[in-house]
Structure formats: structure tokens, C-alpha cells
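# A structural walkthrough
In case you want the letters, here they are:
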Amino acid sequence: MGCYRVKPTSILCVVLFIFYLCMIDIKFMLKGEYASKVLMSNCQEPKKTHHLSITTLTRNSASFIKEWLEYHLLIGVDHFYILDNESGDGLYSVLKPYIEKKTVTYIPWKDDSYRDAQLKMSLNTQQKGLVYALSLYGCKSDWIALIDDDEFILPKGNRTLKDILNDYTDYGGLALGWAWFGSNGHISKPDNNLVVETFTKRRADLDILYKTIIQPKYFRRMKTIHYPVLESGYPLVTEHFNIVSTIPEHVKKFAYKLNDPTNDFIQLNYYKVKSQEEWLERTQKDVVADGHWRKNLDDFYNNDFNEVDDNDILKFLPDLKKRLSITEA
């Protein structure tokens, strides 16, 4: 019986390729670590003033940002760091009352707002914005949620968001199960109804990607908007304390995935499509960051999941309407 012999040159090529991948990852790591250390030294006020804040980068969200703000204030968020990526729809006017109350820190943001060569490397507009905000304000909050303006944090059951986070103080951050909501069959944008009230159908399974709430004092660098790298010894965990594992960031197809996403205690409602009319409006308004999947109606249909009903968030609806001064019909 013959034996297959591997040529020495083939082995050498494999070794060199693995070495090359490792060097790429080390390069990303060192550059990112350096940038984060430089940036975090800029934090303006070391004394913490907020328990939980949200940092987001947005564009042209004036028509729905108030609901998003009031909902998160209702469930226990203290402050918002909002990077405005060149909105042209009057967003600042909507935010102004919150800015005056010091509930919102408003940060005008362009893709070239921070020109540090280390930070620009490998980061898109959204990633750079989040790192920038963390660098200036991360030291002022115990926890910061890194979510978008179409995502709503939902504490499950009767526990408050603060109570849930108290379970994870020994860890660097909490990965939130990502629930994708569909259009509920709406072609036109519903009049007066709120996002959380209108869109109650979602994909049956949680996505294997996630968003995070982190303790910013452990933040080290940003691999993707889904995966902030935290200090060694303070890992990112799921709600059941499973450590979120990753592989090198350049292996994009397989990185930053949850093996078994759950939503027993907390989930993140992602209102990805809303109505068909709103989808098309967002494509025309040039949505922030890398909205490569939000281009046309084909993308709408490919992302419009309405498989199961999920009304859990409606427990907050009466109080949310009071906050927004919307009377019950």
C-alpha cells in the first residue's frame, strides 16, 4: 500500500500562510491597542456620573429618535452620547431639549472627524465614531450600550435593566441576543403609531450576531460594531455567562458569532426593516455606516421576517405613551 507524501514545499507554504494570518491579526491588535490607549487618555472626566449610557452614531433619524430616547430613559438608561453623521432632517432640533437637560451629549461627526492614522486603520465610520465617543466619555459611565437607533433593549420578566446588569459586574460586558423584527405586512408608514407598537412580528430564531453593553473601563479596541475587545480577565459573556469566543478578525465569515443565542433575561429588539415606505426612505437618505444590505426592495424582502409574534416590549407601552404625551385611543 502506498503512502501519500506531502512535499516539503507544500508544508512550507502552509506554515508561511498561517504565519501571515497571525501577523495580520497581531498587526490589527497592536494598532488597535495603541489607538485605544491614546484615545482613552483623553477621557474628560474620570469621575463616573452615569450608571448606564448608550452610545450611537446616527443619520437622519429625526422622525423616530424621540421614541427611542424616551423608551430607553423609561427602562433605566441615564444618558446618551449621540454622534450625528451629517443629518439633514432637523435631528438637532429634536435633540435640543435633551441636550439642554444634559440627557444627551451631542457630537457632530464626519468620517474624517478623527484623523489619527492608527484609528483610521481597519475601522469604518461607525466604528471610529464609537471608539471616539468611548475615548472622551467612557470614563463617565459604569456601563455603556453600543447599539443603533433602530434597536431597543428589552429586559425580560419583572427584573429591571439595572438588576440584570448587576449580575455581570465581574465581567467586561454582556452580549445581547439579537431579535430581528419585520414589517408586519405594512407597506406604508403607519400614522401616529410607535415603532414598538406597530412592529411585533419577528424571525423565530435569534441571530447569531449580537450587540453589547460593556463596562467601558475594560474597553481596549474595536474589532467590529458587534465585538469590542475587552481587557484580559474581563471577557464578554452571554446572559448565561458563556464567554463569547472569536477567531482572528480578518476571517470575517466566521468571526464574532454566538453558538447558542438566548433571550431568557434580556434581548435586543432590532427593527431592521419597519414598513416598506420607511425602508425606501432610509435607502434614499443614505443611512450611516456600511448599509450595504439596505439598497432596494429586494433587500427589503430578503430581510422582512414575520415568523412569530413577540409582544413582550408592549408591557412598557402605556408608560412610554405617557412620556411621549400620546393619549390612548
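For the structure itself, consult the block above.
We now turn to the structure provided with this report.

About the criteria used
Residues numbered from 1 in each chain as written. Predicted model: local features only at pLDDT ≥ 70, side-chain atom pairs only at ≥ 80, totals over all residues. Heavy atoms only, no water. Helix = DSSP H or I, 4+ residues; strand = E, 2+ residues; numbered from the N terminus. Buried < 20%, exposed > 50% of the residue type's maximum accessible area, 1.4 Å probe, protein only. Contact = heavy atoms within 4.5 Å. Areas by Shrake-Rupley, 256 points an atom, 1.4 Å probe, with all protein chains shown as cover. 1 Å grid on protein atoms, 1.4 Å probe; cavity = no way out; pocket = protein on both sides within 12 Å on 5 of 7 lines; lining within 4 Å. Points joined across faces, edges and corners; volume = space filled by probe spheres on them. Core = buried A, V, L, I, M, F, W, Y, C linked by side-chain atoms within 4.5 Å. Salt bridge = Lys/Arg side-chain N within 4 Å of Asp/Glu carboxyl O.

Secondary structure assignment for the protein yields 10 helices and 13 strands. Counting all 329 residues of the protein, 50% fall into the buried class. Across the protein, every contact between residues at least 6 apart in sequence was considered, and the portion connecting residues at least 24 apart equals 78%. Working note: accessible area of the protein is about 16200 Å², and carbon and sulfur atoms make up 52% of it.

A word on the layout of surface pockets. The computed volume of the second largest pocket comes to approximately 310 Å³. Mapped onto the lining of the second largest pocket, the elements with two or more residues apiece are helix 2 (65-75) and helix 7 (195-198).

Here we take up the nonpolar core. In globular proteins that are soluble, nonpolar side chains generally tend to be buried together. Counting residues in each nonpolar core, the largest one holds 49 residues, and the members touching the most others are Trp68, Leu69, Phe80 and Ile153. Beyond its immediate chain neighbours, meaning those up to four positions away, Trp68 contacts Ile54, Thr56, Phe80, Ile82, Ile147, Asp148, Asp149, Glu151 and Phe152. Listed in part, the 18 residues of the second largest apolar core include Tyr210, Leu230, Val244 and Leu258.

Here we take up the pattern of salt bridges. Within the structure shown, the criterion is met by 10 salt bridges. The partner of Arg220 in a salt bridge is Glu231, and the shortest N-O contact between them spans 2.4 Å. In this pair, Arg220 sits in strand 9 (residues 219-224) while Glu231 sits in the loop between strand 10 (227-230) and strand 11 (236-237), placing the two residues 11 residues apart along the sequence. The exposure class of Glu231 is partly exposed, given its relative accessible area of 27%. Each of Asp148, Glu151 and Lys211 takes part in a single network of salt bridges with overlapping partners.

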